[in-house]
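Here is how the chains run, residue by residue.
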Amino acid sequence: MVIRQQSRCFFAWVLALISLNLNSSFAEDGIFSAIIQGDVATVARLLAQDPSLVRAQDSYGQSPLIYAIHERQHEIAGLLIAVGADVNLRLAYHRFASTILESTLAYGDISLLRQLIAAGMRLDGALFSLLQQSRPDDEKKRLAQVLLQEGAFLDELIPFNDITMSRSLIFYMPCLKSMADAPYNLTPDEVSPCQGFEAFLLSLLDSPQGLEYFKEPQPELSGEALAFAAMYAGPRLLEALMAKGVDIHQAVLQARATKSYPKRYSSLLDLAFYKENIAAASFFLAHGASLDSLSPFLLSLAAQQPKLAFLLKDKLSLGYQAPQMCTPPTEDMMISFILDDAETSDLEVIEQIFKPHGVQGAIAVIAGQIGQRGYLDRQSLESLGQEGWEIFSHSLSHAHLPDLDQPSLERELAQSTQVLSSLTGYQNFFVYPYGESNALVRSFTQNSYQAAFSGDYQINHPQTDLW
């Protein structure tokens, strides 16, 4: 009799636990559905019954507040904020700004942006995030003005790690490229085709006013800010820096910056040359910088770029021979192409550029983003594999791998391989997110892949380290 009663109690407890879990699951699904439908009353009722729903996550880790932002539900966003929604939530694949901020800028809602800033949303990486958004130009300009008014910083316009990557401001601001290609004897004012958002940013980058939006507009200006100025500022802003007491031609990147990047980018002149900022390079040379201090790598690079060679004319006219950056090409060399991230826009690139020439390459796929907004779905990847394209792993979530602990690193690699390995065309190669790795990351990729790829101005050869 006692045993039977204990059994009944046990089964009642199990049923209660199952019911609790089901009710919790239904409530989580319910709050996401109510937000999508704009049902303010239901959202308010669910939150009143269980305030912890504000921390609910869908299968991709997105919170109710992210849904409210996507659906432009201001009143619902206010309800969620009132019960403690995390206004600085950052998912793994958003490295430069929080997911909340990225989502808000993606939809261009200034009213919602101000609402979230008032609730404590941080603006780290805000301008760089805005730069990447596909919004109308005038709308991006208004968003940029709001961000700067609310505390964003101009020298965060581009993340500092981008110093060693080819994707730079020129990638996102085509007018900068047009300026770089203009005749040498014209000023930026005479050649700039920029409009709206780009013109607004460039006006700050070549104006003393731009200093108002630097993090530390003092003589002890940070190494990051000086580096940013060297890469993208015009002479008027650089003159304003000197007027503040910054010793331009003696400044080098501070230790906290150089610890993460190759030492060949050790001076401001190096950075100006590397990013082909002709105006800044000319300014530094006119104020005492010496070409003798320029690294051999950048001298060799500059000698092959017409605009930078123009600055080297004095050395070149004296018979100066720039060192060779790499060995001359031979007939047995091969060129390969890797498309990064597997975005939906890659299909247009393949159709318009690769197919007419009968060329295939590889696609570096973020496994956790397959089928998400802006990314190729599994069917598209399978079709490309059948057409001869190779599929490489680009991690599970595009996390910055050097920042991860060992279990997280193992998960990024193992789960990515698990998701991708059944696709036609999959090859056991890895592409480092952001092109960055460290000794621990390389040891893991060496154990898991045949080779791993980064990016630099180098040509591979038989002795190249495969990881």
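Remember, predicted model here, so these are calculated numbers, not experimental data.

**Topic: the overall build of the protein chain**
Helix and strand counts for the protein chain come out as 24 helices and five strands. Per-residue burial for the protein chain yields a buried fraction of 45% across its 467 residues. When contacts within the protein chain are restricted to residue pairs at least 6 apart in sequence, long-range pairs at least 24 apart make up 68% of them. A total of about 23,700 Å² of accessible surface is found on the protein chain, and carbon and sulfur atoms cover 52% of it.

**Digging into the confidence of the model for the protein chain**
Of the residues in the protein chain, 67% have a pLDDT of 70 or more, and the chain-wide mean is 75. Here helix α15 (residues 255–258) stands out as the least confident element of the protein chain, with mean pLDDT 38; strand β3 (residues 390–393) is the most confident, with 93. Confidence over residues 160–167 falls short of pLDDT 50; this stretch has 28 contacts with residues more than four positions distant or in other chains. Considering only residues more than four positions removed or in separate chains, one finds that residues 182–186, a stretch of pLDDT under 50, has six contacts.

**Quick notes on the pairing of β3**
Pairing of strand β2 (residues 362–365) with β3 involves four bridges; the strand directions are parallel. Bridge pairing in β3 places Ala362 opposite Glu390. Taken together, β2, helix α22 (residues 378–386) and β3 constitute a β-α-β crossover, and its handedness is right-handed. By the bridge criterion, two bridges tie β3 to strand β4 (residues 426–431) in an arrangement that is parallel. Bridge assignment links Ile391 to a residue of β4, and that residue is Tyr426. In this fold, the crossover linking β3 to β4 by way of helix α23 (residues 406–420) has right-handed handedness.

**Some points on the packing of helix α5 (residues 99–107) against helix α6 (residues 110–118)**
The interhelical angle for the contact between α5 and α6, taken along N-to-C directions, is 160 degrees, at an axis separation of 9 Å. By the angle class used here, α5 and α6 are roughly antiparallel. The handedness of the crossing between α5 and α6 is left-handed. Residues Ile100, Leu101, Thr104 and Leu105 of α5 lie in contact with α6, whose contacting residues are Leu112, Leu113 and Leu116. Taken together, the residues of the contact of α5 with α6 break down into six nonpolar, one polar and no charged.

Each value, and the rule that gives it
- Residues numbered from 1 in each chain as written.
- Predicted model: local features only at pLDDT ≥ 70, side-chain atom pairs only at ≥ 80, totals over all residues.
- Heavy atoms only, no water.
- Helix = DSSP H or I, 4+ residues; strand = E, 2+ residues; numbered from the N terminus.
- Buried < 20%, exposed > 50% of the residue type's maximum accessible area, 1.4 Å probe, protein only.
- Contact = heavy atoms within 4.5 Å.
- Areas by Shrake-Rupley, 256 points an atom, 1.4 Å probe, with all protein chains shown as cover.
- pLDDT = per-residue confidence, 0-100.
- Pairing = 2+ DSSP bridges.
- Right-handed = clockwise from strand over helix to strand, strands pointing away.
- Axes fitted to C-alpha atoms, helices over the stretch in contact; angles between N-to-C directions.
- Parallel < 35°, antiparallel > 145°, perpendicular 65-115°, else oblique.
- Left-handed = near helix turned anticlockwise from the far one by under 90°.
- Nonpolar A, V, L, I, M, F, W, Y, C, P; charged D, E, K, R; others polar.

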